[in-house]
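# Working through the structure, step by step
Here's the letter readout for the chains.
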Number of protein chains: 2
Amino acid sequence: MNPMEWQPDRASQEPLHRQIEHYLKQKMTTGEWAPGMRIPAQRQLADMFRVNRSTIVTAVDELIAQGLLEGNAGGGTRVVSTVWDSLAAKPMLNWHDYIEAGTQQPNSQIVQIINHAEFQPGIIRLGTGELSPELLPVQRMQDVLAKLSTRAMTLGYEEAKGSMWLREALSNRMAGLGVEAPSSSILVVSGALQALQLISIGLLEPGSSVIVEAPSYLNSLHLFQTAGVQLNGLGMDEEGVIVQDLAHRRQTSRDSIMYTIPSFHNPTGIVMSEGRRDELIALSERERLPIIEDDVYRDLWLDEPPPLPLKARDAAGNVLYIGSFSKSVSPGLRIGWITGPKTVIDRLADIKMQTDYGSSSFSQAIAAEWLTSSHYDDHMAELRAALRERRAHMLGLLEQHLTGLAEWRKPSGGFYVWLRLNDGISATRLFQDALRQGILLNPGSIYDRTMGAFLRLSYAYASHQELSDGIVQLARLIQTQVRA
Amino acid sequence: MNPMEWQPDRASQEPLHRQIEHYLKQKMTTGEWAPGMRIPAQRQLADMFRVNRSTIVTAVDELIAQGLLEGNAGGGTRVVSTVWDSLAAKPMLNWHDYIEAGTQQPNSQIVQIINHAEFQPGIIRLGTGELSPELLPVQRMQDVLAKLSTRAMTLGYEEAKGSMWLREALSNRMAGLGVEAPSSSILVVSGALQALQLISIGLLEPGSSVIVEAPSYLNSLHLFQTAGVQLNGLGMDEEGVIVQDLAHRRQTSRDSIMYTIPSFHNPTGIVMSEGRRDELIALSERERLPIIEDDVYRDLWLDEPPPLPLKARDAAGNVLYIGSFSKSVSPGLRIGWITGPKTVIDRLADIKMQTDYGSSSFSQAIAAEWLTSSHYDDHMAELRAALRERRAHMLGLLEQHLTGLAEWRKPSGGFYVWLRLNDGISATRLFQDALRQGILLNPGSIYDRTMGAFLRLSYAYASHQELSDGIVQLARLIQTQVRA
Ligand SMILES: Cc1ncc(COP(=O)(O)O)c(C=O)c1O
Ligand SMILES: Cc1ncc(COP(=O)(O)O)c(C=O)c1O
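What counts and what doesn't
- Residues numbered from 1 in each chain as written.
- Chains lettered and ligands numbered in written order.
- Predicted model: local features only at pLDDT ≥ 70, side-chain atom pairs only at ≥ 80, totals over all residues.
- Heavy atoms only, no water.
- Helix = DSSP H or I, 4+ residues; strand = E, 2+ residues; numbered from the N terminus.
- Areas by Shrake-Rupley, 256 points an atom, 1.4 Å probe, with all protein chains shown as cover.
- Lys, Arg positive; Asp, Glu negative; His and termini not counted.
- Charge placed at Lys NZ, Arg CZ, Asp CG, Glu CD.
- Buried < 20%, exposed > 50% of the residue type's maximum accessible area, 1.4 Å probe, protein only.
- Least-squares fit on C-alpha atoms with pLDDT ≥ 70 in both.
- Contact = heavy atoms within 4.5 Å.
- Salt bridge = Lys/Arg side-chain N within 4 Å of Asp/Glu carboxyl O.
- Near = heavy atom within 4 Å.
- Polar contact = N/O pair within 3.5 Å; in protein donor to acceptor, adjacent residues only side chain to side chain.
- Nonpolar A, V, L, I, M, F, W, Y, C, P; charged D, E, K, R; others polar.
- Pairing = 2+ DSSP bridges.
- Axes fitted to C-alpha atoms, helices over the stretch in contact; angles between N-to-C directions.
- Buried area = accessible area lost by both parts, 1.4 Å probe.
- Left-handed = near helix turned anticlockwise from the far one by under 90°.

### Looking at the overall build of chain A
For chain A, the count of helices and strands is 17 helices and 17 strands. Its C-alpha atoms give chain A principal-axis dimensions of about 80 × 60 × 55 Å. Within the structure as shown, chain A displays about 19,100 Å² of accessible surface, and the carbon and sulfur contribution to it stands at 49%. Considering chain A, the positive charge centre built from 45 side chains and the negative charge centre built from 54 side chains are found 3 Å apart.

Next up, the structure:
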């Protein structure tokens, strides 16, 4: 670099460190500074531009933050080897803001650690909310594919709301739950998460607020927040969300919608009682509060079926009901559905068409074949039996190893045990200690920032042996904290 | 209704018609006025509330506009029978704005008519950009499903970027096109449209602008506009977009990204020449202008393969390349892909995970099986032969019936013939006249508002006989206009 070439303009409005930052960036853009190259020492740069060393530090730190430079152990600074990538991404400033908005959320760092750790081989996942590979119906799925291979399928674009075959099958299912949902008011979506996404971008106004159970499903919270919607948490007891508290609050604030998981709630496992359901619907009608009912765990009852959905009690058309195949049959299918007032469904279908032009017609045919054959019901019976065993195993382990250290309820379905650690035990420390030993936990704080004393355990994912080993280890780590 | 019950508050800040509007709405909310019920005459309401008749008219008109009341032929006003639906949708104001934003686009009414007419039985679709059902590989697809049914598939959530099997197959394909795309820089999407959607929400800043070819693909234009991005149209000649014009314009304006369909462009069918491609890439590097290359028609060459993609010439990592199975194998599969700098792909993958948690693993397995078996190449050879015949048929018909009335070029691939009507012929009138006779046209104005003299014809969708009948009819309708 020829020091005579360029000097910062001391008369400019632009701070010196900014000018230098831009100049250095230009060196990389033009390729004069190649990827991987070591740049001149900071002292040298300060001399060249006749500025304080701290000005150089500011400029270089900014470029490091932008991912264009990297410091190394020897104290030198290099152009990162992927600098072209980073530069190419540069004009796309909005995405940077977006990323940052994302990371402003509480605990998102823990979530990132969890998402990453899930792919580490050998890790014991004590909190994962998915069916274990051994519980997924591989053989039945092969049968379904074989069956479909004998049928001439339509390969073209599907109707906007999804295949009629599947929607009629879903309409029948819903009728069995006391919900009158004609196929015209059902929209097939690529998983329940997409339904929440469509609602977020289509029906919620940025700056409005959503009432959520505290705690609640992580990804939905994230979606709502990304849509610029404020979250208002509402407490729960063993009958579900405390509707009374909502009634009081409604007199002062105007929330736009409520999001609830009434059956086998994620992460607490709680089932909303009959009475509470009626209460909530009455409030919804009185106060004209629309409700999103996320019922993806419904069919995973282990003792007895949960009360009928809120939607079955909803004469006024205030409830949007969401279901999914992810928790019962196959997450990879990416098939869920949403039903509600036809006008709302029409609008959501419209946005869906604009975003992805409908869900895979193959996944839809597979789902329809599952529902209209005996596969779905037969599989659910088997799955329930397997989950009952897993639940018993988990509860036995907890009883044996965690009595006196934590409290929990027996869940009557779903995947989760919501564990309250005794006072004085730090869940954050536990999370870190466990991770170091190859055990991945889901701390309560990611579901609600005030739930630091909880852990979400799942009996659906880890194997029998992993559950045993994992819980024993967990108990030891807690003991260590208690004794210290 | 008891007139003593309620009176508007004349001391209130709120206008009388607003107060009355809210009161009437309440009657419907509470169910006092049932769906379908006839409401009191306007004179009567004016008397009851002791206001001018015009105040009532304003209130009632507002409720009609909101879809809650409807006038009938006899002059009476009724509660609409779907009032519950409309009321339930009411708090969701943002979506209303959204819908309205959508309809502000030029010609969207014609697009709506087209979308609707496509489902009318017996209609001849002369412009539809899809493979005819008879061209879709139903038998091969059955073979692929049968093959998959013998394989133990993973039914769980896929990796964020898509199944490794498919990404590796795509990486191989891309290598054959001179594009080095490791699987880590490929994101599987639910159709090319979703790639554009992810870019719109993830990389484009509202208020920024996108350079597009004029004319261009309808749905992408819509997506960009919905994202609040301005469109800057750039003219085309027989070698593709006129890069020179862009170079001039760039000196004054700063556009954030360019969207181009270089091979068998939709709707013009134009293939960007080798020279033009190099020119565009040089400009992109010089001006640091990122490019979205939508290459979904590439494999549909009929005479010879098109020049290598822009992406193959892109040393600087400025190009995002998009492909799809929709135009070649099956739109219902909803599988496309996007490749580009890994950092950008990582970000798009992140947004995709937040919106739908990945594409159907079944669709992905099907696509991978297509690519890694001989099916894809064998099918493409057959498809090209069929499309060549269809193209010859279409061009023969045009020659015979439209010579002297319109001009067109012979397309060398893709689906489309871009027809320029002679001066004095109104495409809008033609569209309407044709629709009345059961023929659906795609007028040029929906692809660019200045392209009113054009029609997009497609030889991919209508049957041999429909094409014959349709073109003969079209010629007659044009003759009628010419003679008048
Ligand atoms: C309450 C709840 N809703 C929705 C989902 C997502 O389901 P899908 O895979 O159908 O998008 C989950 C998955 O964890 C969940 O717990
Ligand atoms: C240029 C272009 N890009 C993308 C698409 C949409 O493709 P997909 O079905 O993969 O979303 C189309 C379909 O008409 C198109 O013409």
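### Comments concerning unusual backbone geometry
Residue and element names in this part refer to chain A. For the peptide bond that leads from N266 to P267, omega is 15 degrees, which places it in the cis range. For P267, the position within the fold is in the loop between β9 (257-260) and α12 (274-287). With phi around 55 degrees, F264 is a residue other than glycine that occupies positive phi space. Within the secondary structure layout, F264 lies in the loop between β9 and α12. The class of F264 is buried, set by a relative accessible area of 1%.

### Comments concerning the relation of the copies chain A and chain B
Note on the identical chains: chain A maps onto chain B by a rotation of 179 degrees and an axial translation of 0.2 Å, with an RMSD of 0.6 Å. Those values place the two copies in the arrangement expected of a two-fold rotation axis. Minimal C-alpha separation from the rotation axis in chain A is found for A:A146, amounting to 2.8 Å. A share of 100% of the interface residues of chain A reappears at the interface of chain B, consistent with the copies meeting face to face through the same patch.

### Things to note about the pattern of salt bridges
Residues and elements named next belong to chain A. This model, assessed by the stated rule, comprises 44 salt bridges over all chains. E274 is paired through a salt bridge with R313; the nearest N and O atoms lie 2.9 Å apart. Taken together, the residues E274 in helix α12 and R313 in the loop between β10 (291-294) and β11 (319-324) connect sequence positions 39 residues apart. With relative accessibility at 18%, the residue R313 sits in the buried group. Each of E118, R125 and E130 takes part in salt bridges that share partners, so that together they form one network.

### Things to note about the site of ligand 1
Taken together, the neighbourhood of ligand 1 is formed by 14 residues, with A:A192, A:D294, A:Y297, A:S324 and A:S326 sitting nearest. Lying at an intersection of chains, ligand 1 is approached by residues of chains A and B. One of the side-chain nitrogen or oxygen atoms of A:D294 is found 2.6 Å away from a nitrogen atom of ligand 1. Between ligand 1 and the protein, one listed contact pairs an oxygen atom with a side-chain N or O atom of B:Y157 at 2.8 Å. For ligand 1, whose free accessible area comes to 400 Å², the fraction covered by protein is 96%. Looking at the shell around ligand 1, its residues break down into seven nonpolar, four polar and three charged.

### Quick word on the environment of B:M394
Residues and elements named next belong to chain B. Of note, M394 is situated in helix α15 (residues 375-402). Classification of M394 as buried rests on a relative accessible area of 0%. Expressed as a C-alpha distance, the spacing of M394 and A365, which sit 29 residues apart in the sequence, is 36 Å. Setting aside anything within four residues of it in sequence, one finds M394 in contact with V417, L457, S458, Y459, L467 and I471.

### Topic: the site of ligand 2
Around ligand 2, the structure places 14 residues, and the nearest of them are B:A192, B:D294, B:Y297, B:S324 and B:S326. More than one chain reaches ligand 2: the nearby residues come from chains A and B. Separating an oxygen atom of ligand 2 from a side-chain N or O atom of B:Y297 is a distance of 2.6 Å. Between an oxygen atom of ligand 2 and a side-chain N or O atom of B:R334, the distance comes to 2.9 Å. Relative to its free-state accessible area of 400 Å², ligand 2 is covered by the protein chains to the extent of 96%.

### Some remarks on the pairing of strand β17 (residues 454-458) of chain A
Residue and element names in this part refer to chain A. Taken across its five residues, β17 has five buried, putting it largely inside the fold. Burial of β17 is two-sided: the residues F454, R456 and S458 facing one way and the residues L455 and L457 facing the other way are all buried. When strand β14 (residues 416-421) meets β17, the two strands line up antiparallel, connected through five bridges. The partner of L419 across the bridge, within β17, is L455. Pairing geometry for strand β16 (residues 442-443) and β17, over two bridges, is antiparallel.

### Side note on the sheet that holds strand β13 (residues 406-407) of chain A
Residues and elements named next belong to chain A. Within the open sheet, the four strands sit side by side as β13-β14-β17-β16. Their pairing is antiparallel. Of all strands in the sheet, those with a lone pairing partner are β13 and β16, marking the two edges. Sheet topology places β13 next to β14; two bridges connect them, and they run antiparallel. Looking at the pairing, E407 lines up with R420 of β14. The sheet contacts of helix α15 (residues 375-402) involve β13, β14 and β17, and relative to β14 the element is tilted by about 10 degrees.

### Quick look at the interface of chain A and chain B
Opposite the 81 residues of chain A that make contact, chain B presents 81 residues. The junction of chain A with chain B conceals about 6,600 Å² of combined surface from both sides, 62% of it contributed by carbon and sulfur atoms. Our count for the chain A to chain B interface comes out at zero salt bridges. Counting residues per element, the ones that place at least two in the side of chain A that touches chain B are α4 (83-89), α5 (93-103), α7 (138-148), α9 (192-202), α10 (218-226), α13 (342-356) and α14 (361-372) of chain A. Tallying contributions element by element places α13(A) first for the side of chain A that touches chain B, with nine residues.

### A closer look at the packing of helix α8 (residues 164-176) of chain B against helix α14 (residues 361-372) of chain B
Residue and element names in this part refer to chain B. Relative to each other, α8 and α14 sit at 40 degrees, their axes nearing to 8 Å. As α8 runs across α14, the sense of the crossing is left-handed. Residue-level inspection shows W165, L166, A169, L170 and R173 of α8 in contact with α14, the latter providing Q364, A365, A367, A368, E369, L371 and T372.

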